[in-house]
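Spelled out from the first residue to the last, the chains are:
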Amino acid sequence: MKDKLAIGIIRTSYGIHGEVKVISLSGETVHFKKLKRIYLFKEGTYREFHVEKARIKSNTILLKLEGIDTPEKGKELNGLHIWVNRKNAAPLQDDEYYFGDLSECKVFKNNECIGEVRSIFESGIIFMLEIKDIQGKSLIIPFKNEYIEDVDI
């Protein structure tokens, strides 16, 4: 869904009022404090939640969502990805990309299309692109300047 981006993952509940601990997918946290609405993807559908409160405590993101008022209800959300409208995601710096924008991009070598990006994942300290080539095979390419000459979304 290109109009929404995943920005975090709910890890567990926090406290007695149903707050949830969140891990930022980008490493950025400030934009979480401005959130008014988020979407959680579960069982093939997005469920919308109003953010009652967002705070950062010792580099931990804590969210209080409307309707989630107990630790038990918070724990039911463990592992769910937090999606937001694109305008509410962390702003990009030069040479930064949202993974959702890279997905399905065509990959060229010597001006010839060799496949498209299927997924992006972290491997140690670098990100890797999984490319599905024109024969349907998977190729793994480090997402580094030495291997990727130019990015044009």
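Engineer: Got a sec to walk through the sheet that holds strand E10 (residues 138-142)? Specific residues and values, please.
Structural biologist: Sheet architecture is open: 4 strands sit in the order E7-E8-E9-E10, paired in antiparallel fashion. Edge positions in the sheet fall to strand E7 (106-109) and E10, since each has one partner strand and no second. If you compare each strand with its neighbour and ignore which way they point, the axes differ by 45° on average. As paired strands, E7 and strand E8 (residues 112-123) are joined by 4 bridges and run antiparallel to one another. Each residue of the ladder has a partner; that of Lys106, found in E8, is Glu116.

Engineer: Provide a residue-level description of the nonpolar core, including the pertinent values.
Structural biologist: Val22, Ile38, Leu40, Leu63, Leu65, Leu77 and Ile82 are the most contacted members of the largest nonpolar core, which totals 22 residues. Looking at this core, the elements that each hand over two or more residues are strand E1 (4-14), strand E2 (19-24), strand E3 (37-42), strand E4 (45-57), strand E5 (60-65) and strand E6 (81-85). Ignoring sequence-local partners within four residues, the contact set of Ile82 consists of Leu5, Ala6, Ile7, Gly8, Ile10, Val22, Ile38, Tyr39, Leu40 and Leu63. Counting residues in each nonpolar core, the second largest holds 9 residues, with Leu102, Cys105, Val107 and Ile131 among its members.

Engineer: Let's hear about a negative patch on the surface: which residues, and what values?
Structural biologist: Among the surface-exposed residues, Glu28, Asp94, Asp95 and Glu96 lie close enough to one another that they form a single negatively charged patch. Relative to the helices and strands, Glu96 resides in the loop between E6 and helix H2 (99-102).

Engineer: Can you explain the sheet that holds E5? Please cite residues and give values.
Structural biologist: Here we have 6 strands rolled up into a closed barrel, ordered E1-E2-E5-E4-E3-E6, and antiparallel in their pairing. With direction set aside, neighbouring strand axes in the sheet form an average angle of 50°. Note: E3 against E4, 6 bridges, orientation antiparallel. Across the sheet, the residue bridging to Phe41 is Tyr46, located in E4.

Engineer: Pulling in residues and values, what's your account of the packing of aromatic side chains?
Structural biologist: Across all of its chains, the model carries 2 aromatic pairs by this definition. Ring geometry for Tyr46 versus Trp83: centroids 5.6 Å apart, planes at 80°, classification edge-to-face. Of this pair, Tyr46 sits in strand E4 while Trp83 is found in strand E6, placing the two residues 37 residues apart along the sequence. By relative accessible area, which is 26% here, Tyr46 ends up partly exposed. Ring pairs connect the aromatic residues Phe41, Tyr46 and Trp83, which therefore count as one cluster. If you follow Lys4 out to its NZ or CZ, it ends over the ring of Tyr39, 4.5 Å from the centre.

Cut-offs applied
Residues numbered from 1 in each chain as written. Predicted model: local features only at pLDDT ≥ 70, side-chain atom pairs only at ≥ 80, totals over all residues. Heavy atoms only, no water. Pairing = 2+ DSSP bridges. Helix = DSSP H or I, 4+ residues; strand = E, 2+ residues; numbered from the N terminus. Axes fitted to C-alpha atoms, helices over the stretch in contact; angles between N-to-C directions. Core = buried A, V, L, I, M, F, W, Y, C linked by side-chain atoms within 4.5 Å. Buried < 20%, exposed > 50% of the residue type's maximum accessible area, 1.4 Å probe, protein only. Contact = heavy atoms within 4.5 Å. Patch = residues over 30% accessible without salt bridge, like charges linked within 9 Å, V, L, I, M, F, W, Y side chains within 5 Å. Areas by Shrake-Rupley, 256 points an atom, 1.4 Å probe, with all protein chains shown as cover. Salt bridge = Lys/Arg side-chain N within 4 Å of Asp/Glu carboxyl O. Lys, Arg positive; Asp, Glu negative; His and termini not counted. Charge placed at Lys NZ, Arg CZ, Asp CG, Glu CD. Phe/Tyr/Trp six-rings, centres within 6.5 Å; stacked < 30°, edge-to-face > 60°. Lys NZ or Arg CZ within 6 Å of the ring centre and 35° of its normal.

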